[in-house]
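Coordinates in review
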Amino acid sequence: MPSETLLTIDDIDAMAYPAQALDDPSPVVAELVAAVEQGRVADDETAAHAYLLSAEITERAGDLAGALAYAEKAATVPGEDGLSRACYAELLVKSGREEEGRAVFEALRPELLEDPHACSYVGEALEACGLATVAQEWLAEAARTLAERTAKGDDDFTAVDTLFAVLTERHRIREDLELPHDDLDGLYHEMEAVADAPELQGQALLYWPEAELAQVLQRWPERADIYGLDWLDHRTNVERTLAGWSSSGVIHIALIPGSMAGLLAFATAEELDPADPETHADYAEQVGETTDGVEWPPQRNAPCWCASGVKYKKCCLPRSRA
Ligand SMILES: [Zn+2]
Ligand SMILES: [Zn+2]
């Protein structure tokens, strides 16, 4: 099958959109499920997404058993990143199968320490099935573990991001529960104040995709002093720089791809010498102001930012420690 006909996550969202206006959304769900079962979706992630939306739409239409069946399918898609299992666990509890649901939640619990996104989907799912108290206890324990790790400074840099995410989610849930502030809520407000400091957020780093780096280093071999000797070295430098930013409290970090053509056009427009390291720095700044880039760090199970096709945790994440 030609790959351009395969459905992406955006296509699936567009297919699901009309469901909200329908009294009986089952034709939309049937279409979503057929797309997966007929192999018309781009990848496993899209398949899981289609099943999750089917579960959500079906639950909203009042069919809990049907929703549970779709969530179970989403949760068993290979490479599923946790969100689907949280949704499945939530629906198990809502269906009166609390013990099974809690077991699925329990299996997700270690993710709270690893993935800055996990606290939101685990927290919200627990809350949605009446287990908000469990959520805030788990998040408290995760926060204490992460705070110890960041204090010792011996963990990888995702700990700071993850700690802030966990504290934010816990603070939100405790407000809903009308619980008074405790020490961890205090820590949340401290970190929030730091994160609000303009110099600590929205920083972006320019990197050169593999083919662009080859061109840059071929033309200016001396720029290996900033970018590294080769693609491997370049990615190690990038990861170390960003890990450094992250451990000094910077949040909302983005990676922005540079290009030789872009650099040369910039140098021409500004009448600058393209070989000058200052020009490179100015170009990086200009690109950073005009491009959104990609969020860093990626989720651990997401594909790496370097486009290797390998998961981040198996690709560039370990490079900062190499
Ligand atoms: Zn507060
Ligand atoms: Zn990589």
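Residues numbered from 1 in each chain as written. Chains lettered and ligands numbered in written order. Predicted model: local features only at pLDDT ≥ 70, side-chain atom pairs only at ≥ 80, totals over all residues. Heavy atoms only, no water.

Observations concerning the coordination of the zinc ion (ligand 1)
For the zinc ion (ligand 1), the full set of protein donor atoms is His 171 (NE2), His 181 (NE2) and His 189 (NE2), at a range of 2.0 to 2.1 Å. Counting along the primary sequence, the residues that act as donors to the zinc ion (ligand 1) give the motif H-x9-H-x7-H. Of the two residues, His 171 sits in helix 9 (residues 158-176) while His 189 sits in helix 10 (residues 183-196), which places them 18 residues apart along the sequence. (Donors = N, O, S within 2.8 Å, 3.2 Å for Na, K, Ca; no water. Helix = DSSP H or I, 4+ residues; strand = E, 2+ residues; numbered from the N terminus.)

Concerning the sheet that holds strand 2 (residues 253-257)
Taken together, three strands build an open sheet; the order of strands is 1-2-3 and the sheet is mixed. Across the chains shown, the open sheet's two edge strands, defined by having one partner strand only, are strand 1 (204-207) and strand 3 (294-296). Mean inter-strand twist for the sheet, computed between neighbouring axes without regard to direction, equals 35°. Of the strand pairs in this sheet, strand 1 and strand 2 are connected by four bridges, and their pairing is parallel. Paired with Leu 205 across the two strands is Leu 255, which belongs to strand 2. Together, strand 1, strand 2 and strand 3 form the strand contacts of helix 13 (residues 231-247), whose direction differs from that of strand 1 by roughly 175°. (Pairing = 2+ DSSP bridges. Axes fitted to C-alpha atoms, helices over the stretch in contact; angles between N-to-C directions. Contact = heavy atoms within 4.5 Å.)

Notes on the coordination of the zinc ion (ligand 2)
Expected angles at a metal are 109.5 degrees for tetrahedral coordination by four donors and either 90 or 180 degrees for octahedral coordination by six donors. Within the protein, the atoms that donate to the zinc ion (ligand 2) are Cys 304 (SG), Cys 306 (SG), Cys 315 (SG) and Cys 316 (SG), at distances of 2.3 to 2.4 Å. For the zinc ion (ligand 2), the four donor atoms are set out with angles of 102 to 114° between them, so the coordination reads as tetrahedral. Note on Cys 316: relative accessible area 0%, which makes it buried. (Tetrahedral: all angles 85-135°; square planar, octahedral: opposite > 155°, others 65-115°. Buried < 20%, exposed > 50% of the residue type's maximum accessible area, 1.4 Å probe, protein only.)

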